[in-house]
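Survey of secondary and tertiary structure
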Amino acid sequence: MRLWQIVQRLWKTMLARLFSLLGEASGTTLAFTGILGLAAVLYTLYQLRSGQGRKRDEPSSSQQQPPLDPTQPSTSAAGAAAAAAAAAASKPAAGPAAAATPAAAVARRLAGIRCVTLSVPGVLLEESSPAELEESASVRAGAADLVREVARVARVYLMCHVSDDIGEAVVRGALEHAGLLGANPGQVPPHRALFCGTLDGKVSLVRQLEPDLHIDGHEKTVSDLQRFVKQLVLVQQPGAAGSSLAAAGNIQLAPSLGAALGLA
Amino acid sequence: MSARTRLFKELKESARNKEATGIELVPDESNIFQWRALIKGPTDTPFEGGTFELAISVPEQYPLVAPAVKYRTKIFHPNVHWKTGEICLDILKNAWSPAWTLHSVCQAILALMSDPAADSPLNCDAGNLLRAGDIRGYNSMARMLTAEHAMSEGMSQG
């Protein structure tokens, strides 16, 4: 990270030099619009470079992460980086929820909350059962950005009920691939991704961690935890069959992670 | 033999055993009745890689009465209280015998780490995971908390 800051500073000084040169040589001859155009081109270049720089930086700083896919959307790479200003600049491209600024909404929703536990099936992942997770694990694009925002403001533990080592490897791989695991701000330290082999085991994991907020896609876990956790969110797609749990007291129902975190 | 004489004898012996067992026993500089032990998480357990500190308080009647031992490092184990570090181990309670030494007590605690007793747990969540046969969940949580509390690299990750 420090190396990156030096590169960034060098680049800035270079830019300043270039502009002053232009000003001396042809300040009057160059049309004002021309300078603006040049500035725009340079700015774009700068943005592109910063995106790449972070991507290169990411795997080295986190343990046992496989090489990141170059097709990975640049927003997620930016989200994992420390430069808050750059992250803010790239936010408007993050998704349909841009109007509400996810960072601000998440910060507002999590005011006073220091520890969050999140069961990933059906919330962060498309798949919701251990059997499905044997085959594949797909991280929901919008949800990954939100988890990064949550990880910036609170201590986050991710957990997943899987049936065996294959399921665990599939899920861990998907989380790593999405750039969610690592030591940077906006990432979850890899050892805080927890796995269990039974549904009841998940309840024990949450109880041990004593979070201020637990988010889950499974109705039974939420109802089992009702007496032990201050705030619970049950994330279920609208129209999910057999949902008998009602929003009450410390339980909130939400159709998506975004809705659970106060985004429209 | 007075407690003091016996403790000095144990101190000499534990220095000799340190290499073989990895157990480091250190008495308080000014008080031979207060000890600190450092034990290494046994291999093939979720505690592997961690170093755990025990606080040992020896009574005046030692070795007729058992020492009071508790974890000072946080550990996720069914027979250790998560918040206080209290250990549920028969030899520290009714099964104590003067034949035990501080060093062998540490060995018994290491054996407990490898072989947790899930019934009558002090940590219900650890006990429930084991009783439900959820070894994956137990190992996952114990490994994570070992990294957080018993390894210096883990602690720096806040």
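An account of the accompanying structure is given in this report. Residue indices follow the written sequence of each chain, beginning from 1 at its first position. Whichever chain is written first becomes A and whichever ligand is written first becomes 1, with later ones labelled in order. With the structure being a predicted model, the display of local features is reserved for residues of pLDDT at least 70 and the display and counting of side-chain atom pairs for 80 or more, all residues being used for whole-chain, interface and lining totals. Computation of side-chain values: all heavy atoms of the structure, hydrogens and water removed.

Topic: the overall build of chain B
The helix and strand labels rest on DSSP assignments: H or I over at least four residues marks a helix, E over at least two residues marks a strand, and numbering proceeds from the N terminus. Regarding its fold elements, chain B presents 5 helices and 4 strands. Along chain B, from the amino end to the carboxyl end, the secondary structure elements read α-β-β-β-β-α-α-α-α. What the globule rule says is 2.2 Å times the number of residues to the power 0.38, and the radius of gyration is computed from C-alpha atoms. Relative to the 2.2 N^0.38 estimate, which gives 15 Å for 158 residues, the radius of gyration of chain B is 16 Å and therefore close to what a compact globule would have. Out of the 158 residues in chain B, the part that is buried amounts to 50%. Summed over its atoms, the accessible surface of chain B is roughly 7,800 Å², and 52% of this surface lies on carbon and sulfur atoms. When accessible area is computed with a 1.4 Å probe and restricted to protein chains, residues below 20% of their type maximum are described as buried, those above 50% as exposed, and intermediate ones as partly exposed. All accessibility values rest on the Shrake-Rupley procedure with a 1.4 Å probe; residue burial counts only the protein chains present in the view.

A word on the overall build of chain A
In terms of regular secondary structure, chain A is built from 11 helices and 6 strands. Taken over 264 residues, chain A has a buried fraction of 45%. Contact criterion: two residues are considered in contact whenever any of their non-hydrogen atoms come within 4.5 Å of each other. In chain A, 59% of the contacts between residues at least 6 apart in sequence involve partners at least 24 apart. Here chain A displays about 12,900 Å² of accessible surface, and carbon together with sulfur accounts for 61% of that area.

Looking at the interface of chain B and chain A
At the junction of the two partners, chain B supplies 20 residues and chain A supplies 25 residues. Accessible surface is computed with a 1.4 Å probe, and the buried area is the amount of it that two parts give up when combined, taken over both parts together. Summing the contributions of chain B and of chain A, the shared interface buries around 1,800 Å²; its carbon and sulfur component is 48%. Salt-bridge detection follows one rule: a side-chain nitrogen of Lys or Arg within 4 Å of a carboxyl oxygen of Asp or Glu. Our count for the contact surface shared by chain B and chain A stands at 5 salt bridges. Between A:Asp165 and B:Arg136 there is a salt bridge, and its shortest N-O distance comes to 3.0 Å. Under this definition, polar contacts are N or O atom pairs within 3.5 Å; protein pairs additionally need one hydrogen-donor-capable and one acceptor-capable atom, and for neighbouring residues in sequence, both atoms have to be side-chain atoms. There are 10 residue pairs in polar contact (both at pLDDT 80 or more) connecting chain B and chain A. The greatest single-element share of the side of chain B that touches chain A, amounting to 8 residues, is contributed by helix H4 (residues 135-149) of chain B. Residues are grouped as follows: Ala, Val, Leu, Ile, Met, Phe, Trp, Tyr, Cys and Pro are nonpolar; Asp, Glu, Lys and Arg are charged; all remaining types, including Gly, are polar. For the side of chain B that touches chain A, the residue count by class is 9 nonpolar, 6 polar and 5 charged.

Notes on the packing of aromatic side chains
Ring pairs are drawn from Phe, Tyr and Trp, using the six-membered ring of Trp, whenever the two centres fall within 6.5 Å, and their geometry is named by plane angle: stacked under 30 degrees, edge-to-face over 60, tilted for the rest. Applying the stated criterion across every chain, the model contains 4 aromatic pairs over all chains. Taking 6.3 Å as the distance between ring centres and 85 degrees as the angle between the ring planes, the aromatic pair formed by B:Phe52 and B:Tyr71 counts as edge-to-face. One end of the pair, B:Phe52, is in strand S3 (residues 51-57); the other, B:Tyr71, is in strand S4 (residues 68-71), and 19 residues separate them in sequence. Of the residues examined, B:Tyr71 reaches a relative accessible area of 5% and is grouped as buried. Ring geometry for B:Phe76 and B:Tyr138: centres 6.0 Å apart, planes at 35 degrees, overall tilted. Residue B:Phe76 is located in the loop between S4 and helix H2 (102-114), and its partner B:Tyr138 is located in helix H4; the two are separated by 62 residues in the primary sequence. Classification of B:Tyr138 by relative accessible area gives buried; the value is 4%. In our convention, an over-ring charge means Lys NZ or Arg CZ found within 6 Å of a ring centre and within 35 degrees of that ring's normal. A cation over a ring is seen here: A:Arg207 above A:Phe228, with NZ or CZ 4.4 Å from the ring centre.

A short note on the pattern of salt bridges
A full pass over the atoms with the stated rule returns 15 salt bridges over all chains. Residue A:Asp145 is joined to A:Arg148 by a salt bridge in which the shortest nitrogen-to-oxygen separation is 2.9 Å. With A:Asp145 and A:Arg148 both in helix H7 (residues 141-153), this residue pair falls 3 residues apart, about one helical turn. When its relative accessible area of 16% is taken as the criterion, A:Asp145 is described as buried. One salt bridge connects A:Glu168 with B:Arg136, and the closest N-O pair in it is separated by 2.6 Å. Of this pair, A:Glu168 sits in helix H8 (residues 165-177) while B:Arg136 sits in helix H4, each in a different chain. The two residues A:Glu168 and B:Arg136 agree in class, both being buried. Connected through salt bridges with shared partners, the residues A:Asp165, A:Glu168 and B:Arg136 form a single ionic network.

Considering H4(B)
All names here are of chain B. The length a helix should cover is 1.5 Å for every residue beyond the first. The terminal C-alpha atoms of H4 lie 21 Å apart, and with 15 residues this matches the ideal 21 Å at 1.5 Å per residue to within 8%. Taking burial as the measure, the 15 residues of H4 include 11 buried ones, the bulk of the element. For H4, every residue scored as buried is listed here: Arg136, Gly137, Tyr138, Ser140, Met141, Ala142, Met144, Leu145, Thr146, Ala147 and Glu148.

With respect to the side chain of A:Ser119
As for its placement among the helices and strands, A:Ser119 is situated in strand S1 (residues 115-119). Residues in contact with A:Ser119, not counting those within four places in the same chain, are A:Met159, A:Lys202, A:His214, A:Ile215 and A:Asp216.

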